[in-house]
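Structural description and commentary
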Amino acid sequence: MAGASSRVHYLSDFCCPLGGRAAGKPFLLRHEAEVFLSTGREFVYVYDQEGGLLTAVYQFPDQVWHLQLLAIRRALYVLCARTGIYCLSLDSLDRSGSQACEDKEEAAPPYPVIHVDPDACVLPDAALCAFTVLDDMLVTLAQGPTQWKMQLFERPCAGEEPLPRGQVGEVELSTCTPPGGVPEKPAAPRFLPVLCCVFPPDSRAPHGHPQGCGCFTLEEALFGLLFGVDATLLQSPVILCGLPDGQLCCVVLKALVTSGLAPGDPKVLVKILHHLEEPVIFIGALRAEPHEEEAAGELLPGQHEHSDCLVALGHQGRTLAIKASWSESGNLVPELREYCLPGPVLCAACDRDGHMYHSTPSDLCVVDLTRRESPWNPEKPDGAIGGLPSVLCPASLNICSALALCVTARAPTGSTELLALSSKGRLITCSLDLNSEAPVPAKMAMANAGQKIKELLLDIGDVSERVSFLKKAVDQRNKAITSLNEAMNVSCALLSHPEGDRPIACTITTSWSRLELRDMLMATCTLENSSSFSLDQGWTLCIQVLTSSSALDLDGTGSAFTYTIPVDRLGPGSRREVTLPLGPSESGVLDLPVTMSCWLFYSLREVVGAALAPSDPLEAPYLEQLPLSLPKQEGVCLPLCKRTVDMLQCLRFAGAATHPAQAPRMPGPACEPVETFLKTCQAPGSEPTGAASLRAKYLPPSTASIRVSAGLLRAALEDSHSGFHLCSATLRWLLAENAAVDVVRAQTLSSIQGIAPDGTDVNLTVHEVAVTDLSPAGPIQAVEIQVESSSLANMCRAHHAIIRRIQTMVTEQAALGSSPPDLRMQYLQQIHANHQVSPSVWVWVVSPDGMEGRQHSEGTSHRGCTLCMGSEYIGPCPFPLCPPYRCGCVLHT
């Protein structure tokens, strides 16, 4: 078909976004000068082609799935998704349009939107997916839980009460897959079924239906071969049904009427003609061989001819053509041929000259089914001597992405006219000269040349825009696939090395720094990529800081803060540092220990979601692929490291850091009334009487000691601290994670004085002792670690840090096979029990009246504060687990 040419004219522009093929199929009908169209949303437009005006816009409750015009009854039937079938009278439309013109002669389009009244719904049924209308019958197809159901009703008219009072019969078809979604509003099916009505040649022809409404007449030979003798003798119309699973089946209408209200037997009423194995998009009929009158030029222009070829088209381009042909033995047999056309197919249409038009996202093509290997011979019976062409060769019309097609009557010039709705929402008309040999025009007028250039430029712009969009979509998907591959490699590399050297590691170090006129403890997290992979889009470094509950709040819980830092382009061999403040707060409090956890998070929604979502909803028909849902999982979490920052890491030493007491510090809320009261009572020139000053003057420091086996320490420290005295090596080991421990490394020390975050002193002393009465073999050589501080809270925090290191060391040595010495376990248990029943506790109390000091012992402890509240001593004190009191007036020794 080398001579196919087209001329395109733009009629109107409907700017509403178009839906995909699953949610409301765009539809287009033409009757005389009126064009009825739906863009796949809830609107139906009525356009006057001769006047070039939009005459009405109807809005329905939901998406419009199908339109059908019964011209002889002047009625428009509309299938609304999840609602039912509506009937609009064209006579009332004409009257309302004329009245609007009389009232507003100078008013310009667009016309106001007319909301369709719910009373216009003549068949309410949320399961309806397709229908077709005859002169006096209405055939519907509904989607049930497991099967499709075809029902036959008396045709309702506008203004009548809703059916199903007029149901005549029904039959169940093949099984189906119900759509998803909630029961109240199920999801729209991806593809809608196709219904059409086929009439025998001697019955009442569908004169009330415009061409393209899904009603046509077949020749007697093909009708009998397809539907059997019963349909031919009964002169019954036949309903053809194309299902989303690819089945092409038929039901004889008069046989369905006889079934009454009881469902008919599918084995008797339903006949499966073929299976395309892909969703059926279009069913139509055409004339593949000319009549004798047409060949002789005697067929009048207005005279109707019967079709001799039935065609069905699938979504991916698989095409079925059925025609009556003579066999070698001289018998009429149905000839079935399958063809493969370019896909995916958006829409299709047939004309009466043997041409079928089908639209894809890239082009509008036409194929000619009248091309045969042998010429037409009128001497053979019925003229049916030629078969179907062995191959169909589509010819391009240079029109892309037409979502709806309608073939109008042949123009007076002999060319075919097409109405099309593009993906941009433009209504266009195409004049096709399929039989021309593309003659060269003699001379083109200046105005025609300008119009032609304008049309070519518009076509070039559309193609360029589409190519740009597709290239962008492909690049996004390729980038997402590459990122997912990198994420998979990184995950496998980290999970295959749970311990030891890891290809991607994170280290945490602490140090003191001056920030906003205050000394702050800073934590530096260093992310190092030693692998051969890159951390690009979608990766995030997450750092969680978990503080312990304050010792001042016995019922409180620790606070947690999570910091997220996007990791962008961290290539192999690169590193990234993140510094976070840990404290103290403005009140000078730093709740230790602090636990820091680091992990990598890969966001699937950020990477995959951006690639799947189309950037422009108008370009969605270009993709034409199965819908892809976003991943249910947010992402992938890969742990890197975990570290606990305790008191021993936060100590500062003389010459390494400035004293934090020099920085401005806000007083604690609990101490403020006491200190204010004492300051008001203080005489001029007297010594300070604050709580901290009184505690430092009258109360001895808090002390705790831990004894560890010397043999255990030598075995654990022989590699890292060999060559040093055991006490000095132990002190080095305790302060190994402190950033300011250079003063300890520079000389051999067995004791050191550090400064806690709140400014109080913390003394660490290590010396060797002999422990008796614990082993039947004699004294045990041990190392005693003594912690001393004027703050009971800091003493307990340092004690906890030492215990944590010793527990880790004991666990590691036990794994290496080290065994403890022979101990008198019963003696240890007795000591522990005696301490719990009657501990010896010395309590120094300072009263505000006479500043007297007194002692109290023998298993008593302080449940309040004598200095602040004047309460009594009650109950035992489980030292060293007893927390420090808020005012600091009590000291346990």
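Every chain is numbered on its own, with residues counted from 1 as its sequence reads. Given that the model is predicted, a residue must reach a pLDDT of at least 70 before its local features are reported, and side-chain atom pairs must reach 80 or more before they are shown or counted; all residues, however, enter totals for whole chains, interfaces and linings. Side-chain figures throughout are based on the complete set of non-hydrogen atoms in the structure, without hydrogens or water.

- Going by the annotation in an unreviewed UniProt entry, the name recorded for the chain is Fanconi anemia core complex associated protein 100, with Mus spicilegus given as the source organism.

Quick word on the overall build of the chain
- Think of it this way: any DSSP run of H or I at least four residues long counts as a helix, any run of E at least two long counts as a strand, and we number them from the N terminus. Helix and strand content of the chain: 16 helices and 43 strands.
- Within the chain, residue pairs in contact and separated by at least 24 positions form 63% of the contacts whose partners lie at least 6 positions apart.
- A 1.4 Å probe and the Shrake-Rupley method give the accessible areas. Residues count as covered only by the protein chains that appear here. Element-wise, carbon and sulfur atoms account for 55% of the exposed surface of the chain, whose accessible area totals about 44,000 Å². Contacts were defined at the residue level, with two residues in contact if any of their heavy atoms lie within 4.5 Å.

Here's the deal with the sheet that holds strand S10 (residues 121-124)
- Here 4 strands make up an open sheet; going across it, the order is S6-S7-S8-S10 and the pairing antiparallel. Of all the strands in the sheet, just strand S6 (64-70) and S10 have a single pairing partner and so form its edges. Shown here is a sheet whose adjacent strand axes are inclined to one another by a mean of 20°, direction ignored.
- Paired strands, in this sense, are two strands between which DSSP finds at least two bridges. Bridge count between strand S7 (residues 75-80) and strand S8 (residues 84-89): 6 bridges; the pairing is antiparallel. Across the sheet, Val-78 pairs through a bridge with Tyr-86, a residue of S8. Fitted lines through C-alpha atoms give the axes, limited to the stretch in contact for helices. The angle between two N-to-C directions lies from 0 to 180 degrees.

Quick look at the sheet that holds strand S14 (residues 167-175)
- Pairing in this open sheet of 4 strands is antiparallel, and the strands run S11-S12-S13-S14 from one edge to the other. Each having just a single partner strand, strand S11 (128-133) and S14 make up the two edges of the open sheet. Taken over all neighbouring pairs, the strand axes of this sheet differ in orientation by 20° on average, direction set aside.
- Relative to strand S13 (residues 147-154), strand S12 (residues 137-143) is paired through 7 bridges, and the arrangement is antiparallel.

Some thoughts on the pairing of strand S18 (residues 247-252)
- Any residue under 20% of the maximum accessible area for its type is buried, any over 50% is exposed, and the rest in between are partly exposed; the area is computed with a 1.4 Å probe on protein chains only. Within S18, 6 of the 6 residues are buried, leaving the element largely enclosed by the surrounding structure.
- Judged by which residues are buried, S18 turns out to be covered on both faces: Gln-247, Cys-249 and Val-251 on one side and Leu-248, Cys-250 and Val-252 on the other are all buried.
- Between strand S17 (residues 238-242) and S18, which follow one another and run antiparallel, lie 4 residues, and Gly-246 among them has a positive phi close to 105°.
- Bridge count between S18 and strand S19 (residues 270-275): 5 bridges; the pairing is antiparallel. Within the sheet, the bridge partner assigned to Gln-247 lies in S19 and is His-275.

Some details on the pattern of salt bridges
- When a carboxyl oxygen of Asp or Glu lies within 4 Å of a side-chain nitrogen of Lys or Arg, that pair is called a salt bridge. This structure, assessed with the given rule, holds 18 salt bridges.
- In this structure, Arg-287 engages Glu-219 in a salt bridge whose closest nitrogen and oxygen atoms are separated by 2.2 Å. Placement of Arg-287 in the loop between strand S20 (280-286) and helix H5 (292-295) and of Glu-219 in the loop between strand S16 (215-217) and helix H2 (220-234) is noted, with a sequence separation of 68 residues between them. Grouping residues by exposure puts Arg-287 and Glu-219 together as buried.
- Here Arg-337 ties to Glu-335 by a salt bridge, and the two come within 3.1 Å at their closest N and O atoms.
- Beyond isolated ion pairs, a larger network of salt bridges with shared partners links Arg-643, Asp-646, Glu-737, Arg-804 and Arg-805.

So, the pairing of S8
- Here S8 lies mainly inside the structure; 5 of its 6 residues are buried.
- Linking S7 to S8, which pair antiparallel, is a turn of 3 residues; within it Arg-82 sits at a positive phi near 55°.
- As paired elements, S8 and S10 share 3 bridges and run antiparallel to each other. Bridged to Tyr-86 within S10 is Cys-121.

What about the nonpolar core?
- For the purposes of this section, nonpolar cores are sets of buried Ala, Val, Leu, Ile, Met, Phe, Trp, Tyr and Cys residues that join through side-chain atoms within 4.5 Å. In terms of nonpolar packing, the biggest core is built from 72 residues, with Leu-527, Trp-539, Met-596, Leu-600, Leu-735, Leu-764 and Ile-802 touching the most fellow members.
- In terms of residue count, the dominant contributor to this core is helix H15 (residues 792-815) (7 residues).
- Aside from chain neighbours lying at most four places away, what touches Leu-735 is Leu-648, Phe-653, Val-741, Val-744, Ile-752 and Leu-764.
- Ranked by size, the runner-up nonpolar core spans 43 residues in total, among them Cys-87, Met-137, Leu-141 and Ile-239.

Side note on a nonpolar patch on the surface
- Patch rule: a residue counts if its relative accessible area is over 30% and it has no salt bridge; like charges are joined within 9 Å, and nonpolar side chains (Val, Leu, Ile, Met, Phe, Trp, Tyr) within 5 Å. Side chains of Ile-453, Leu-456, Leu-457 and Ile-460 sit close together on the surface and give an oily, nonpolar patch of about 400 Å² of accessible area.
- Tracing the chain through its elements places Ile-453 in helix H6 (residues 446-495).

A closer look at the packing of aromatic side chains
- Each Phe, Tyr or Trp ring, with Trp reduced to its six-membered ring, pairs with another whose centre is within 6.5 Å; inter-plane angles below 30 degrees give stacked pairs, above 60 give edge-to-face pairs, and intermediate values give tilted ones. A full pass over the atoms with the stated rule returns 4 aromatic pairs.
- Relative to Tyr-86, the ring of Phe-60 has its centre 5.4 Å away and its plane inclined at 75°; by these criteria the two rings are edge-to-face. With Phe-60 in the loop between strand S5 (53-59) and S6 and Tyr-86 in strand S8, this residue pair connects regions lying 26 residues apart in the sequence.
- Given a relative accessible area of 3%, Tyr-86 falls into the buried group.
- Taking the centre distance of 4.9 Å and the plane angle of 50° together, the rings of Trp-539 and Tyr-602 count as tilted. Placement of Trp-539 in strand S33 (residues 539-547) and of Tyr-602 in strand S36 (residues 594-603) is noted, with a sequence separation of 63 residues between them. Both residues of the pair, Trp-539 and Tyr-602, belong to the buried class.

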